[in-house]
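Here is what each chain is made of, one letter per residue.
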Amino acid sequence: MTDAATTERLPAQLAEIVDDFLALSEPERLQLLLEFSRELPDLPARYEAAPGLLERVEECQSPVRAFAEVDDGVVHFYATAPQEAPTTRGFASILAQGLSGLTAQQVLDVPEEFPLMLGLTRAVSALRLNGMAGMLTRAKRQVREQLAA
Amino acid sequence: MPAPLDPNPRLAEYAHPERLVTTAWLAEHLDDPGLVVVESDEDVLLYETGHIPGAVKIDWHTDLLLPVERDYLDGPGFAELLGSKGIGRDTTIVLYGDKNNWWAAYTAWVFTLFGHEDVRLLDGGRNLWVAEGRELVTDVPTPTPVEYPAVDRDDTTFRAFKEDVLAHLGRGPLVDIRSPQEYTGERLHIPDYPEEGVLRGGHIPTARNVPWATAVSEDGTYKPRAELEAIYCSDPSAGGLGITADDSVITYCRIGERSSHTWFALRFLLGIPDVRNYDGSWTEWGNAVRVPIAAGDEPGEVPASVAARAAAA
C-alpha cells in the first residue's frame, strides 16, 4: 500500500499520475490506463528509422521496445508496443509521461515499487505489473550507462 | 436451449464439431437467444479497445484465479461470475481471445472443470475476426444477471496436479507445449515473456515437445483433423507422438494456458477421452523439490527412484 511518505519521494509529475489513479475506483483506473495507452507518443524519426537502438523489454508480455535517453542531463523515455497490447502501451505511456523531463538523478531515484503505487494490482494483477517494473529497471540502467559513458 | 451448431464441413470432420464455430457463423448468430460470446485475453485492456458486438469479458487473472491462493474460484464464485455475465447453466458460450486463443482455451478448460456443457471456441480467435475486418464495438453490454447453480469443480477428470503427474510417469504420454528452448532447459521462460522465477530448466521426464503452434494453420485456426492426427497420433517412427484413444494423456506448459489450447485439440478435435491439463506446469515443476527433470532434446527416462516410490504408493 502507498503511504504518503513514499509518494512524497516522487517527482511531481510521477506523484500526479499516482494521485490521478488513486482518486479513481478500480474499474475506472483501467479506463485511465487505456487513456494512457492511447497517448503513447510516436517514436522520434531517428528511432523509427533504427528500431535496433531501442531495447527489448523481456519482462513484458508483449513485444515492447524502449529506451531512456539522457540529453544534457535530462531524460527522455521512448517506447513502442503493438496496438493489440494496450496494457503494455499504457505502462510505457505512464513512464514516457512520468520520466521524460526529469534529471538523470531523479530517474535513478524513482522507487522500484513505483508500478505498485498506482493501485492497479487487483485490476491488472501483480504479474502484469512486472512488465512496467521491467521497463523502469531497464530505463534506470540505460541512464546509468549513459552517465558512465 | 443451446444455439444451433455451425454446419461448416471443415468442422464436421472433428470428433466434436459442436465445440468450434467459424467467424462467419458467429457473425450470423450474435443475436441468437441463449448464446453469450465471451472474450478472454492475455491483455487485460484489449477488450476495452473493441470487442465482438455483445461480447462480455472474463479475465483469467482477475476473474478465474483467486487473488491469494494459486487456484481457481470455487463453485459459488463461479456461479456468481457466470450469472453476472448473463450466462445460465444451459447457455451456449462462444469463447475467443488474443494470442491465438490461448486464454480463450484456458477459460474453456476452466469452464469445463465446472461441467458447463456447451462451451465452444471461435476458431482462429480474435486475430482472425480482426483480420477479416469484422465488426468490433466498444459498448460494454450490461447483461441482466441470471441464476447460475453452484456446481463443485471437478479437479480429477480434466485437471492434473503435481502428484498426479508423478504417478503418471511411465504410464502414459506427456505433452510439453512450450518452446523447444524451454523444453531443453536452455531458457526458463517463454521467449519475450515475463520471467516468472523458475529455478530449474528442462522438462518432465518422458514428455514429448510439441509447441502449441504446431496445432494451428497460418490463420490461427486449428489444422484439419488428418494433420492433427499425424502430429499427435501417428507412430513415432512417422514423427508422431503415437497417442491412442486408450491412452491417458497429460498436457502442460508454463502456467497451463498454452497447454489448454492443445488439451482442447486432443480432447475435442481428436476425441481422446482421457486428457488432463497440468495447470501447475513448469512454474510449479521447475521450482519443486525432489521431482525428476530431464534436460536436453531427449524425452528422458523415468528415474528408478520415482518408479519405486510410485510402485510403493
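These numbers come from a predicted model, not from an experiment.

Analysis parameters
- Residues numbered from 1 in each chain as written.
- Chains lettered and ligands numbered in written order.
- Predicted model: local features only at pLDDT ≥ 70, side-chain atom pairs only at ≥ 80, totals over all residues.
- Heavy atoms only, no water.
- Salt bridge = Lys/Arg side-chain N within 4 Å of Asp/Glu carboxyl O.
- Phe/Tyr/Trp six-rings, centres within 6.5 Å; stacked < 30°, edge-to-face > 60°.
- Helix = DSSP H or I, 4+ residues; strand = E, 2+ residues; numbered from the N terminus.
- Buried < 20%, exposed > 50% of the residue type's maximum accessible area, 1.4 Å probe, protein only.
- Core = buried A, V, L, I, M, F, W, Y, C linked by side-chain atoms within 4.5 Å.
- Contact = heavy atoms within 4.5 Å.
- pLDDT = per-residue confidence, 0-100.
- Pairing = 2+ DSSP bridges.
- Arc of directions from axis to C-beta.
- Axes fitted to C-alpha atoms, helices over the stretch in contact; angles between N-to-C directions.

A. Geometry of the pattern of salt bridges. All names here are of chain B. One pass over the full model with this rule turns up 22 salt bridges over all chains. Between Glu257 and Arg258 there is a salt bridge, and its shortest N-O distance comes to 3.7 Å. One network of salt bridges, with partners in common, ties together Asp71, Arg153, Asp155, Arg159 and Asp279.

B. Representation of the packing of aromatic side chains within the structure. Residue and element names in this part refer to chain B. Counted by the stated rule, this structure contains 19 aromatic pairs over all chains. Ring geometry for Phe78 against Tyr148: centres 5.6 Å apart, planes inclined by 85°, an arrangement best described as edge-to-face. Separated by 70 residues along the polypeptide, Phe78 in helix α5 (residues 75–84) and Tyr148 in the loop between α7 (125–131) and β6 (159–160) bring together distant segments of the chain. In this structure, Phe78 and Tyr148 share a single accessibility class: buried. For the pair Tyr106 and Trp109, a centre-to-centre distance of 6.2 Å together with 45° between the ring planes defines the contact as tilted. Placement of the pair is Tyr106 and Trp109 together in helix α6 (residues 98–113), with a separation of 3 residues, close to one helical turn. Clustering of aromatic rings is evident, with ring pairs tying together Trp60, Tyr72, Trp103, Tyr106 and Trp109.

C. The arrangement of the nonpolar core in detail. With 59 residues, the main nonpolar core has B:Leu82, B:Leu95, B:Phe111, B:Tyr222 and B:Tyr232 as its most contacted residues. When contributions to this core are tallied by element, the ones reaching two or more residues are β2 (35–39), α4 (60–64), α5, β4 (92–96), α6, β5 (119–122), α10 (225–232) and α11 (258–269) of chain B. The residues touching B:Leu82, leaving out its near neighbours within four places in the chain, are B:Ile58, B:Ile87, B:Ile93, B:Phe111, B:His116 and B:Tyr148. One finds A:Leu10, A:Ala92, A:Leu99 and A:Val107 within the second-largest nonpolar core, a separate group that totals 45 residues.

D. Representation of the confidence of the model for chain A within the structure. Here chain A shows a mean pLDDT of 88. Residues at 70 or above account for 91%. No element of chain A has a lower mean pLDDT than helix α1 (residues 4–8) of chain A, which averages 63, and none a higher one than helix α6 (residues 104–108) of chain A, which averages 97.

E. Examining the pairing of β2(B) more closely. Residue and element names in this part refer to chain B. Within β2, 5 of the 5 residues are buried, which leaves it mostly tucked inside the rest of the structure. Of the two faces of β2, the one holding Leu35, Val37 and Glu39 and the one holding Val36 and Val38 are both buried throughout. Bridging between β2 and β4 involves 5 bridges; their strand directions are parallel. Bridge pairing in β4 places Val38 opposite Leu95.

F. A look at unusual backbone geometry. In this structure, A:Asp72 takes a positive phi of about 55° despite not being glycine. Residue class for A:Asp72 comes out exposed when judged on its relative accessible area of 76%. The phi dihedral of B:Arg290 falls on the positive side, at around 60°, and the residue is not glycine. If you trace the backbone, B:Arg290 turns up in the loop between α12 (281–285) and α13 (304–312). Exposure remark for B:Arg290: the relative accessible area of 64% places this residue in the exposed category.

G. Layout of α10(B). Residue and element names in this part refer to chain B. Restricting attention to buried positions, one finds in α10 the residues Leu228, Ile231 and Tyr232. Angular distribution of buried residues about the axis of α10 spans 80°; they occupy a single face of the element. The secondary structure elements touched by the buried residues of α10 are α11.

H. A look at the sheet that holds β6(B). Residue and element names in this part refer to chain B. Spatial strand order, β6-β10-β9-β7-β8: 5 strands in an open sheet with parallel pairing. Only two strands of the sheet have a single partner each, and these edge strands are β6 and β8 (208–209). One ladder, built from 3 bridges, connects strand β7 (residues 174–176) with strand β9 (residues 248–252); its direction is parallel. Bridge pairing links Leu174 to Ile250 in β9. Docked against the sheet, α11 engages β9 and β10 (274–278), running at close to 175° with respect to β10.

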